[in-house]
Amino acid sequence: MNRDTIAAIATAPGQGGVAIVRMSGPDAERILSLVFRPAQSGLSALTSHLLTYGHVMDGNTPVDECMAVLMRAPRSYTREDVAELQLHGGGFVAQKVLALCLSHGARLAEPGEFTRRAFLNGRVDLSQAEAVMAIIAAQGEQAHRAAMNQLAGGASGFIREAADTLYEIQAGIAACIDYPEEISEEEAAADLTPRIRQLAGHLDSACDERAARILSSGLRVALCGQPNVGKSSLLNALLGEERAIVTPIPGTTRDMISGDITLAGSVIRLTDTAGLHATDDPVEQLGVQRARQAIEQADVVLAVFDGSRPLSGDDRALLSSLQGRTAALLVNKSDLPQAFSPEELAPLLPGAPILSVCADAPGTLGPLKDYLAGQAAVSDRLALTQPRHLDAARRAAAHLRQAADTLDSGSIDLCSIDLQAAQLALAEITGDQVEEKLLDKVFSTFCVGK
């Protein structure tokens, strides 16, 4: 653990009401006393956890009117002495005060170093430390709830419960190895193999990669269809702004146009694509190729049809290509006389919802928004929401399955090696067993000052 004192600006750059300079380490109180002068004369020492009014001073020159707070260890974010100066927001003042702190012996903090010290000092485990950045990065209520659950120990509790079960299994293996005359390998396998496989299944069920990605980056939705069916108009209507150019000329959209909306606390990433049709125009061909790529990468496909004209062979080909995909069929231009009934679409893509919409009538978009919100909904009980956690849990489950197979084959000594590997993989999530290289990777994703 570093025993020096670190300092950084903890607020975002630019003008604002308040800018905060934060310090943590054994010299935080000394440096604060050198740069901060309380307005109350005769105040020799600051009371811990009490905001004090005064001025930041560069020698005898006032730099800013501010509030200061000292949080003595261990009752602080890092469990070290922490000092903060709450200044008027603005780039120059914050940088000037930070420079003063550095001139008196502090070191500029690295990204995530305050939270890293909180982890190293035992205030939070590694998954809770990652939750701090997840809260900062959350773009919707659903992602925020998941991050708060992780900060409260949701992932830690789940993993530690799994680790405790694994310790019990390992104890059974050890007993079989130490007392072979009392516990035969056949008896051990009959008792422990089902428990090992059950634990592997429990970990696998927690690895919902789609849900974790939706929480971190939103639900990916692609609007597709033939030229001039109204995809761009629908995109604009859903976004509530004129993001895409709309004209009566087919093929206006040649590249992908994206925008985000939030529905029921979930982020929806909408992408308007070029019309799918055969063309000799090399630019349009590239647009069609990108449209197909967007469809392949989407979580949900919105297939748009012009209800005022009959279904074409290209429409039917699009529906055929969406077999097995999560898709909704949108019959657009419902304000015009309809050339076909929604029932004609149903057998072409069984199970897909069929919605009549009109981009010029926002009231018709309610069922579509409800559908998208439902597709983006993620269970609040999802324990693992970080890609790193999913990777470690999957590796643990794979080691457990290997251990069960090994135990079934009668190699109880080798089984214990696989179980230990599974235990180490679980410990990576909480940080109970972690290498410096992994810590560097995790905290490099943090912002400076947190």
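Computed from a predicted model, the values in this text were never measured in an experiment.

Each disulfide consists of a covalent bond between the sulfur atoms of two cysteine residues. In total, this model carries zero disulfides according to the counting rule given. The cysteine Cys358 is free of any disulfide, with Cys224 supplying the nearest cysteine sulfur at 19 Å. Cys358 gets classed as buried once you look at its relative accessible area, which sits at 4%. Here Cys447 is not cross-linked by a disulfide; its sulfur's nearest cysteine counterpart is in Cys101, at 18 Å. Looking at Cys447, the relative accessible area reads 32%, which means it is partly exposed.

Our next topic: the sheet that holds strand 4 (residues 52–58). Spatial ordering of the open sheet is given by 3-4-5-6-2-1-7, a layout of seven strands whose pairing is mixed. The open sheet has two free edges, formed respectively by strand 3 (36–38) and strand 7 (107–108), since each of these has just one partner strand. Here seven bridges tie strand 4 to strand 5 (residues 61–71), and the two strands are oriented antiparallel to one another. Bridged to Thr52 within strand 5 is Ala68. Of the strands in this sheet, strand 1 (6–9), strand 2 (18–24), strand 4, strand 5, strand 6 (82–88) and strand 7 touch helix 2 (residues 91–103), which is tilted by about 175° from strand 1. Relative to strand 1, helix 3 (residues 113–120) is tilted by about 135°, and along the sheet it contacts strand 1, strand 2 and strand 7.

Another point: helix 5 (residues 141–151). Regarding helix 5, the residues found buried are Gln142, Ala143, Ala146, Ala147 and Gln150. Projected down its long axis, helix 5 shows its buried positions confined to an angular sector of 135°, all on one face. Residue Gly153 follows helix 5 closely and has a positive phi angle near 100°.

A separate point is the pairing of strand 6. In terms of residue burial, strand 6 counts as a mostly covered element, since five of its seven residues are buried. Bridge analysis of strand 2 against strand 6 gives seven bridges, and the strand direction is antiparallel. Looking at strand 6, one finds that Val21 is bridged to Leu85. Inspection of the sheet shows strand 5 paired to strand 6 by five bridges, in the antiparallel sense. The partner of Ala68 across the bridge, within strand 6, is Leu85.

Rules behind the numbers
- Residues numbered from 1 in each chain as written.
- Predicted model: local features only at pLDDT ≥ 70, side-chain atom pairs only at ≥ 80, totals over all residues.
- Heavy atoms only, no water.
- Disulfide = S-S within 2.5 Å.
- Buried < 20%, exposed > 50% of the residue type's maximum accessible area, 1.4 Å probe, protein only.
- Pairing = 2+ DSSP bridges.
- Helix = DSSP H or I, 4+ residues; strand = E, 2+ residues; numbered from the N terminus.
- Contact = heavy atoms within 4.5 Å.
- Axes fitted to C-alpha atoms, helices over the stretch in contact; angles between N-to-C directions.
- Arc of directions from axis to C-beta.

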